[in-house]
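# Analysis of the macromolecular model
Here is how the chains run, residue by residue.
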2 protein chains.
Amino acid sequence: MKIGILGYGNLAKGVESAIKNNTDMELSCVFTRRDPSKIKLLSENVPVFSIDDIKNYKNEIDVLIICGGSALDLPKQTPEFAKYFNVIDSFDTHARIPEHFANVDKVAKDNNHIALISCGWDPGMFSLARLYGNCILPDGNDYTFWGKGVSQGHSDAIRRVEGVKDGKQYTIPIQSALNEVRTGKNPTLTARQKHTRECFVVAEEKADKSKIEKAIKEMPNYFADYDTTVHFISEEELKKNHSNISHGGFVFRTGKTGWNKEYNNIIEYSLKLDSNPDFTSSVIVSFARAIYRMNKEGITGCKTVFDIAPSYLSPLSNEEIRARLL
Amino acid sequence: MKIGILGYGNLAKGVESAIKNNTDMELSCVFTRRDPSKIKLLSENVPVFSIDDIKNYKNEIDVLIICGGSALDLPKQTPEFAKYFNVIDSFDTHARIPEHFANVDKVAKDNNHIALISCGWDPGMFSLARLYGNCILPDGNDYTFWGKGVSQGHSDAIRRVEGVKDGKQYTIPIQSALNEVRTGKNPTLTARQKHTRECFVVAEEKADKSKIEKAIKEMPNYFADYDTTVHFISEEELKKNHSNISHGGFVFRTGKTGWNKEYNNIIEYSLKLDSNPDFTSSVIVSFARAIYRMNKEGITGCKTVFDIAPSYLSPLSNEEIRARLL
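Within each chain, residue numbers correspond to sequence positions counted from 1 in written order. Chains carry letters from A onward and ligands carry numbers from 1 onward, assigned in written order. In view of the model being predicted, local features appear only for residues whose pLDDT reaches at least 70, and side-chain atom pairs are presented and counted only at 80 or more, with totals across whole chains, interfaces and linings using the full set of residues. As a rule here, side-chain values cover all heavy atoms of the structure and leave hydrogens and water aside.

What follows is about the sheet that holds strand 10 (residues 195–203) of chain B. Residues and elements named next belong to chain B. As summarised here, the arrangement of the four strands in space is 8-9-10-11, forming an open sheet in which the pairing is mixed. Looking at which strands have only one partner, the edges of the open sheet turn out to be strand 8 (149–150) and strand 11 (227–232). Of the pairings in the sheet, the one linking strand 10 to strand 11 comprises six bridges and is parallel in character. Among the inter-strand pairings, Cys-199 is bridged to a residue of strand 11, identified as Val-230. Taken strand by strand, helix 5 (residues 152–159) contacts strand 8, strand 9 (164–173) and strand 10, and its axis lies near 145° from that of strand 9. Note on contacts: a residue pair qualifies if any of its non-hydrogen atoms lie within 4.5 Å across the two residues. Fitted lines through C-alpha atoms give the axes, limited to the stretch in contact for helices. The angle between two N-to-C directions lies from 0 to 180 degrees. Only runs of H or I of at least four residues qualify as helices and only runs of E of at least two qualify as strands under DSSP, and these elements are numbered from the N terminus. Where helix 8 (residues 209–217) meets the sheet, it contacts strand 9, strand 10 and strand 11, and its direction lies at approximately 150° from that of strand 11. Strands qualify as paired when DSSP identifies two bridges or more between them.

What follows is the structure, given as structure tokens:
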């Protein structure tokens, strides 16, 4: 399988590493909006091309993995390049998924391609855990906890506050809430009862720190509904101590079975990841295999992880996976 | 969806309860090898028929759930009844899955039916956790722990020992081994290091208890490779304290990502179940929905959980699951 990557940030580097760790795949090329001659890949002997020339490679790539941002890049890029390629993205702006799905679906179908959107761990593997859990236990509760890990969206929000030079925000699950769920207490939890938010902020010289702290803590949607801690640190400290890319989380489905709903059940799916982008890209690469195989069978249009039979993800034959993993 | 059940033991009663908990399904009838007039269902107004008349109902049931035993019933029943119905079983004799798959596949295809074998939680949901984990983290380790819960196979083995009147065996995961896996130590674990086995035995009057204990502890495959404890108790105690049907377990996939495999990742899927048969049957019933929908699309032949796109399991539309669960 020949994979192309669009973009070359952290996620793309993760995809490059994941391809190296899957022997049935090779990285064909990387496309960039920057000057290709300025990009130095981890891989030897893999060309970097300008995004402007991408159409020329439409017959040379089995799947294009689009590593742009959900806010501005993917809503344009995924439908645009589904014209030329089978594509995957990690679109995670939840409210806009129906619109994105429809746009991508039309182009992919019109061009006999397959596209997979919103792939990764959340959306992605956590979505699968929620779906399987809901189908098995229709009478029950869902709980998703994230962290401890850096939230890109919340870090961006901090950096938009006046007087802030740089900053990182950690989302931290509240252990007592996790334990209540895990021991079957089926609590009703507010946002504040599930996660705390811890911010490390580099202030501009002469900025009013108490004003920054207030602006962060009272920011609607992002921080107002949480217990938020703000630490002011130096730029050096931020680089040294807060470049960690680890993340993780927990998905629970709890629910009742039995004629009189007398039995309790707890399904838990959890991830502990040293590198958020490298795990996300490992998920994406296994789904790239799946959609490539599905497209060879004539399947086209936009898909999500829900539409992919798990056997398509594996490099092994169906006989082998039944023998080894069933 | 109209469901039929073949057999009426604990698993079948679980299926009956699970159907009640899914509003898009109804139980059409139960088939039995016993005298139908002697069977009293939990459901009102659902007929019980003799297995001898099963062919007469071939146009009245969407999926037949076969609730027989893996040793003697399913190898015959599943291929036999795939002639007349879409069928599901929970076949769990691992070594014989290839043969069972082939037998069922042929009959199902010849009769335009779909069949799903080996459905439940292990094989079943645990198999899915293993497959997804292996595909995402190709360079890694698998760990499956079961329990605490009664193992039917090991309880049967105890009861075959001379001088034993009745008995139950609990499989218990060793907490320190679980913790080593969960904290990323990637241990190499023997059977003895993963589980202990605890037996509660009712001896025949005048039986030699030390001989029984020795026979159990030294039994190859079942007990010799484990630290096994044997308790002799009365028949009353066994009934009173060891009729518990709870079970559960843990599936881990640990593995490395990154260009130099510098990042560790731990995926954990776990179940805590008050009732083993009721959870198993809840899984089966959600997959019954899936295969019914797939067969309506013209898909035939034998499948496993690996072959079922998760969206088929849900009573919700694809738009709804994308909006609510992605």
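Turning to the interface of chain A and chain B, a few remarks are in order. Counting residues at the interface gives 67 residues for chain A, matched by 67 residues for chain B. Each of two parts loses accessible area, computed with a 1.4 Å probe, when they are put together; buried area is these two losses added. Taking both sides of the interface into account, the surface hidden between chain A and chain B amounts to around 6200 Å²; carbon and sulfur atoms contribute 63%. It is Trp259(A), Leu325(A) and Leu326(A) that lose the most area in chain A upon contact with chain B, and together they represent 15% of the buried surface on that side. Throughout this description, the term salt bridge denotes a Lys or Arg side-chain nitrogen within 4 Å of a carboxyl oxygen of Asp or Glu. The tally of links from chain A across to chain B stands at zero salt bridges. Counted as a polar contact is a pair of N or O atoms within 3.5 Å, where, for protein atoms, one must be capable of donating a hydrogen and the other of accepting one, and residues adjacent in sequence contribute only when both atoms are in side chains. Run the count over chain A and chain B and you get 22 residue pairs in polar contact (both at pLDDT 80 or more). For the side of chain A that touches chain B, the secondary-structure elements that each account for two or more residues are helix 1 (10–20), helix 3 (97–110), helix 4 (125–136), strand 12 (247–257), strand 13 (263–273), helix 10 (276–296) and helix 11 (318–325) of chain A. Here the element with the most residues in the side of chain A that touches chain B is strand 13 of chain A; it accounts for eleven residues. Here the side of chain A that touches chain B is composed, by residue class, of 33 nonpolar, 20 polar and 14 charged. Summarising the sheet, strand 13 of chain A and strand 13 (residues 263–273) of chain B pair through nine bridges and their orientation is antiparallel. Bridged to Tyr269(A) within strand 13 of chain B is Tyr269(B). Side-chain classes follow a simple rule in which Ala, Val, Leu, Ile, Met, Phe, Trp, Tyr, Cys and Pro form the nonpolar group, Asp, Glu, Lys and Arg form the charged group, and the remainder, Gly included, forms the polar group.

Let us now look at unusual backbone geometry. Glycine aside, the phi torsion of most residues is negative, and most peptide linkages are trans. Residues and elements named next belong to chain A. Of note, the bond from Asp-122 into Pro-123 is cis; its omega dihedral lies within 30 degrees of zero at 5°. Checked against the element boundaries, Pro-123 lands in the loop between strand 6 (114–116) and helix 4. Of note, the phi angle at Asn-221 is positive, near 65°, even though the residue is not glycine. Following the sequence through the fold, Asn-221 ends up in the loop between helix 8 (209–217) and strand 11 (227–232). Here the phi dihedral of Lys-261 falls at roughly 50°; this positive angle occurs in a residue that is not glycine. Take Lys-261: it is sitting in the loop between strand 12 and strand 13. Partly exposed describes any residue whose relative accessible area lies between the buried limit of under 20% and the exposed limit of over 50%, with all areas from a 1.4 Å probe on protein chains only and scaled to the type maximum. With relative accessibility at 33%, the residue Lys-261 sits in the partly exposed group.

Least-squares fitting of chain A to chain B yields an RMSD of 0.0 Å, with the transformation described by 0.0 Å of translation along the axis and a rotation of 180°. Between the two chains, the operation in question is that of a two-fold axis. Identified as the residue of chain A closest to the rotation axis by C-alpha distance is Ala309(A), at 1.9 Å. Residue by residue, 100% of the interface of chain A is reproduced at the interface of chain B, so both copies engage with the same surface. The copies were overlaid by least squares, fitting only the C-alpha atoms of residues that reach a pLDDT of 70 or more in each copy.

Our focus in this paragraph is the confidence of the model for chain A. Every residue is assigned a pLDDT by the predictor, reflecting its confidence on a scale from 0 to 100. Residues with a pLDDT of 70 or more make up 100% of chain A, whose mean pLDDT is 97. Scored by ipTM, the complex comes to 0.97, with pTM at 0.97.

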